[in-house]
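Structure assessment
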There are 2 protein chains.
Amino acid sequence: MNNIIGKTTEIIEEKELRERIGKLADITGSVYKIRKMSGFSFVILRTARNLIQCVLDTGNITCEELCENASVKVKGMVRKEERAHAGFEIDILEIEILSLPAAEVPVVINNREVKASLETKLDYRVITLRNHKERAVFKIQEGILAGARKFLMEKKFTEIHSPKIVFSGVEGGANMFGLQYFGKEAYLAQSPQAYKQMMVAVFDRVFEIGAVYRAEKHDTARHLNEYIGLDLEMGYISSFYEIMETETAMLQTVMAYLKENCREELELLEVNLPAIDSIPSISFKEAKEWIQKEFNRNTEDDYDFEPEEERLLCQLIKEKTGCEFVFVTHYPTAKRPFYAMEEDGDKEVTKSFDLLFRGIEVTTGGQRIHDYHAQTEKMKERGMNTEAFESYLMLHKYGIAPHGGFGMGVERFTMSLLGKTNVREAALFPRDMNRLVP
Amino acid sequence: MNNIIGKTTEIIEEKELRERIGKLADITGSVYKIRKMSGFSFVILRTARNLIQCVLDTGNITCEELCENASVKVKGMVRKEERAHAGFEIDILEIEILSLPAAEVPVVINNREVKASLETKLDYRVITLRNHKERAVFKIQEGILAGARKFLMEKKFTEIHSPKIVFSGVEGGANMFGLQYFGKEAYLAQSPQAYKQMMVAVFDRVFEIGAVYRAEKHDTARHLNEYIGLDLEMGYISSFYEIMETETAMLQTVMAYLKENCREELELLEVNLPAIDSIPSISFKEAKEWIQKEFNRNTEDDYDFEPEEERLLCQLIKEKTGCEFVFVTHYPTAKRPFYAMEEDGDKEVTKSFDLLFRGIEVTTGGQRIHDYHAQTEKMKERGMNTEAFESYLMLHKYGIAPHGGFGMGVERFTMSLLGKTNVREAALFPRDMNRLVP
């Protein structure tokens, strides 16, 4: 019998190496690039988060097998070098090869950019993600979620994980993936809507970060069929504006978190973080009229925005207020789900909102109906079978506070933040109508 | 146009109210229980995390509609009261009803325990979770994951979210849920194994907290068909013992986090947190022999433990070392997946481990094959079609450091920690062969 004690090797980041100038350091990494010079080689290592420039004195150290994409362990002296990007280099004293590739990569991944079509990048995602700029996207995506979680935990939201195999869809059901579940018909959840509402009755405020499924036959630059949803729901709200205020505060924390924790990645991708003092809000109706007037443009959809209208509205808002976000409120009841609460005194519109960011919708939210009779009445008006929703309606029947929330598409938000033109670039292993691999 | 500023109402917890004795407080909550006395009523409010005892002077304030499960807003004076559990009560000055239930609950939820069968509890999960003890399970589960995440982020693991709709299963495929994906056969991922390995080549250390699917026809107290997996994978390991050391350190942080952040829930559920100085480790072969010898017992499975053997081993280890955890190492190659690395000089066993906790397996892990030729050879030996794994094998072909990791079933860990006898009690909305609702 052995005893396993708790310990973990530390990963040394660039900023920590900078503190060790004049000292020895042991680092591990994958050989990103080798540049042979006269009598020595530059060996650039890709470590967990950085590219570290090492110098191999080829006159003194022979390492014939060394090649790009080899995994190595290096002992070296950290030497100040102002010409190096990091301000230092590592003079290699010992180098050990831990693992070798079996072939050369079919796509060049060690230039500043991966110069390939999006299709090729995605086909070779397993290796193109090893490019320093490609991977930075997902370090920032991690930061977006970490910042949001930090805010939500401070505000005493409880994090939940609800099932994704469900018996029915609250949102409709037309756009759901079906599967056989031990002889029963089941579906993949198209949102945690029902569960997060149920959990408001348990913890008052909840959030979930998890997979969301939409079987929509959309083949566009902004749709994915599986994506990461950041969903929250909060009870005891006095109006749906409180949800928008919460989202605004959350986004402020996200930006501050990114500034503090992802500085290098933001610089690498040349990202300008949007300033968020406050976010302007405009009703759907007003926004439609404004766009029509300003651009002398007819709309084809009275109940929703066309993508071009979202872009134009963001342009108008930015010109007028400087803000890159805009809340659009009071969407038509006809286009919102059965659980959306209608405006007091105007059944045609709902206490709902979308958040648009740099021309694209990133969040949908609103206040939900909490009264049992109001909810069942509305479902009957829509021809829905309330019996099929028995467990969902337990929420209302046995008492639930006024509540509401929102859902954000994390890849889409990342895409807008990083100025990418296709949401697939912000999805680790995207799932669309044609892509199931890798 | 409005301007939405960032702000959120604060939730006031019991410990914060205790600081406000002699002052006014505004709180919101659901009426958990009303106890009518002569001239006044005790009104117990269930707030986000506590049960707060309020006193309603029924002589002065009339609130006829007040009933259990109503959602209310209260303004009151916080008064020191040593007989109250919290050390204070709130004298209600104003009370406003925000929402009323439409019916009385069919299961009593405001006693200390929900006295009902597990089946009933789960059928009425939407309301039984409102019981103070039932919900505490999930506050602790949140704490387990938050503690693990805290540790992993400190150790510079990157959090990822991999797709759950996959084209094939790394683990085998027999126990997978199938679905139609735009005319293609697809499956629900039975682990993020392939993706976390791919991402080690990108970020060196990664973890994921997400849904895992097993279509196993097991109807036992310890199996779920959808569960939360806590998965990690780390590169540049010098041996698979490093993974066990990391897990030990992670569990130490988890226990410290729970002690600091979930004290009230731990007391409520009378949980004894296990001490973890170090965790004993024993080989599978030694463990089997020890159990056979100590209990004069024959085994029916030479390649794995029977559930009873897991229980007996934990009993022996606890008697001998005092520890409630035990790592079992070197599982037979025949029972481990194709990506498991074999022990140097002994192809019959793998560099693998399970972690058992209080009689049940909670983690499976090990070192993976990183060499391309070794991996493809082993797959061929097993009669696998390497072409179908082309994208997975890009990982090895283009170079990957020695690496390994583990997967933990979060509900099962929660179950063991809380001394529950059925894993369903530690699953928010469990999915098993017979249960798809709610």
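Presented here is an overview of the structure given in this document. The shown structure was predicted, so the numbers you read here are calculated from the model rather than taken from an experiment. (Residues numbered from 1 in each chain as written. Chains lettered and ligands numbered in written order. Predicted model: local features only at pLDDT ≥ 70, side-chain atom pairs only at ≥ 80, totals over all residues. Heavy atoms only, no water.)

Looking at the side chain of Glu226(B)
- Structurally, the position occupied by Glu226(B) is in strand β12 (residues 226–235).
- No salt bridge is formed by the buried Glu226(B); its nearest oppositely charged neighbour, Arg431(B), is found at 4.6 Å.
- In this structure the side chain of Glu226(B) is engaged in a polar contact, spanning 3.1 Å, whose partner is the backbone nitrogen of Ile165(A). (Helix = DSSP H or I, 4+ residues; strand = E, 2+ residues; numbered from the N terminus. Buried < 20%, exposed > 50% of the residue type's maximum accessible area, 1.4 Å probe, protein only. Lys, Arg positive; Asp, Glu negative; His and termini not counted. Salt bridge = Lys/Arg side-chain N within 4 Å of Asp/Glu carboxyl O. Polar contact = N/O pair within 3.5 Å; in protein donor to acceptor, adjacent residues only side chain to side chain.)

So, the relation of the copies chain A and chain B
- With an axial shift of 0.0 Å and an RMSD of 0.0 Å, the rotation relating chain A to chain B amounts to 180°. The two molecules are tied by a two-fold rotation axis, judged by turn and shift. Identified as the residue of chain A closest to the rotation axis by C-alpha distance is Leu179(A), at 2.5 Å.
- Of the residues that chain A buries at the interface, 100% are likewise interface residues in chain B, meaning the two copies contact each other through the same surface. (Least-squares fit on C-alpha atoms with pLDDT ≥ 70 in both. Contact = heavy atoms within 4.5 Å.)

A closer look at the interface of chain A and chain B
- Across the contact, 129 residues belong to chain A and 129 residues belong to chain B.
- Together chain A and chain B conceal approximately 10,600 Å² of surface at their shared face, both sides included; 62% is due to carbon and sulfur atoms.
- When the buried surface of chain A facing chain B is broken down by residue, Met1(A), Ile4(A) and Tyr398(A) rank first, second and third, together holding 8% of it.
- With its nearest N and O atoms 3.0 Å apart, the salt bridge here joins Lys156(A) to Glu16(B). (Buried area = accessible area lost by both parts, 1.4 Å probe.)

Focus: the packing of aromatic side chains
Residues and elements named next belong to chain A.
- The tally for this structure, following the rule as stated, stands at 30 aromatic pairs over all chains.
- Between Phe-327 and Phe-353, the ring centres sit 5.4 Å apart and the planes meet at 90°, which makes this aromatic pair edge-to-face. Of the two residues, Phe-327 is situated in strand β14 (residues 325–329) and Phe-353 in strand β17 (residues 352–357); the sequence distance between them amounts to 26 residues.
- Owing to a relative accessible area of 0%, Phe-327 belongs among the buried residues under this scheme. (Phe/Tyr/Trp six-rings, centres within 6.5 Å; stacked < 30°, edge-to-face > 60°.)

Description of the pattern of salt bridges
- Taken as a whole and judged by the stated rule, the model has 86 salt bridges over all chains.
- Glu289(A) is the salt-bridge partner of Lys285(A), the closest N and O atoms lying 3.7 Å from each other. In this pair, Lys285(A) and Glu289(A) are both assigned in helix α8 (residues 284–295), 4 residues apart and thus about one turn of the helix distant.
- Owing to a relative accessible area of 59%, Lys285(A) belongs among the exposed residues under this scheme.
- A salt bridge links Glu233(B) to Lys196(B), with the nearest nitrogen and oxygen atoms 3.4 Å apart. Of this pair, Glu233(B) sits in strand β12 while Lys196(B) sits in helix α5 (residues 193–203), and the two are 37 residues apart along the sequence. The pair formed by Glu233(B) and Lys196(B) is uniform in burial state, with each residue classed as buried.
- Connected through salt bridges with shared partners, the residues Arg79(A), Glu81(A), Arg83(A), Glu89(A) and Asp91(A) form a single ionic network.

Topic: the packing of α8(A) against helix α9 (residues 307–321) of chain A
Residues and elements named next belong to chain A.
- Where α8 meets α9, the axes come as close as 10 Å, and the angle between the chain directions of the two elements is 85°. Between α8 and α9, the interaxial angle falls into the category roughly perpendicular. Contacts from Ala-287, Lys-288, Trp-290, Ile-291, Glu-294 and Phe-295 in α8 reach Glu-309, Leu-312, Leu-313, Gln-315, Leu-316, Ile-317 and Lys-320 in α9.
- Of the residues assigned to the contact of α8 with α9, the class counts are 8 nonpolar, 1 polar and 4 charged. (Axes fitted to C-alpha atoms, helices over the stretch in contact; angles between N-to-C directions. Parallel < 35°, antiparallel > 145°, perpendicular 65-115°, else oblique. Nonpolar A, V, L, I, M, F, W, Y, C, P; charged D, E, K, R; others polar.)

A short note on unusual backbone geometry
- The omega angle of the peptide bond from Val437(A) to Pro438(A) is -5°, so this bond is cis rather than trans.
- Within the fold, Pro438(A) resides in the segment after α12 (410–418).
- Backbone geometry places Glu270(B), a non-glycine residue, at a positive phi of 50°.
- Its location among the elements puts Glu270(B) in the loop between α7 (263–268) and β13 (278–283).
- Note on Glu270(B): relative accessible area 61%, which makes it exposed.

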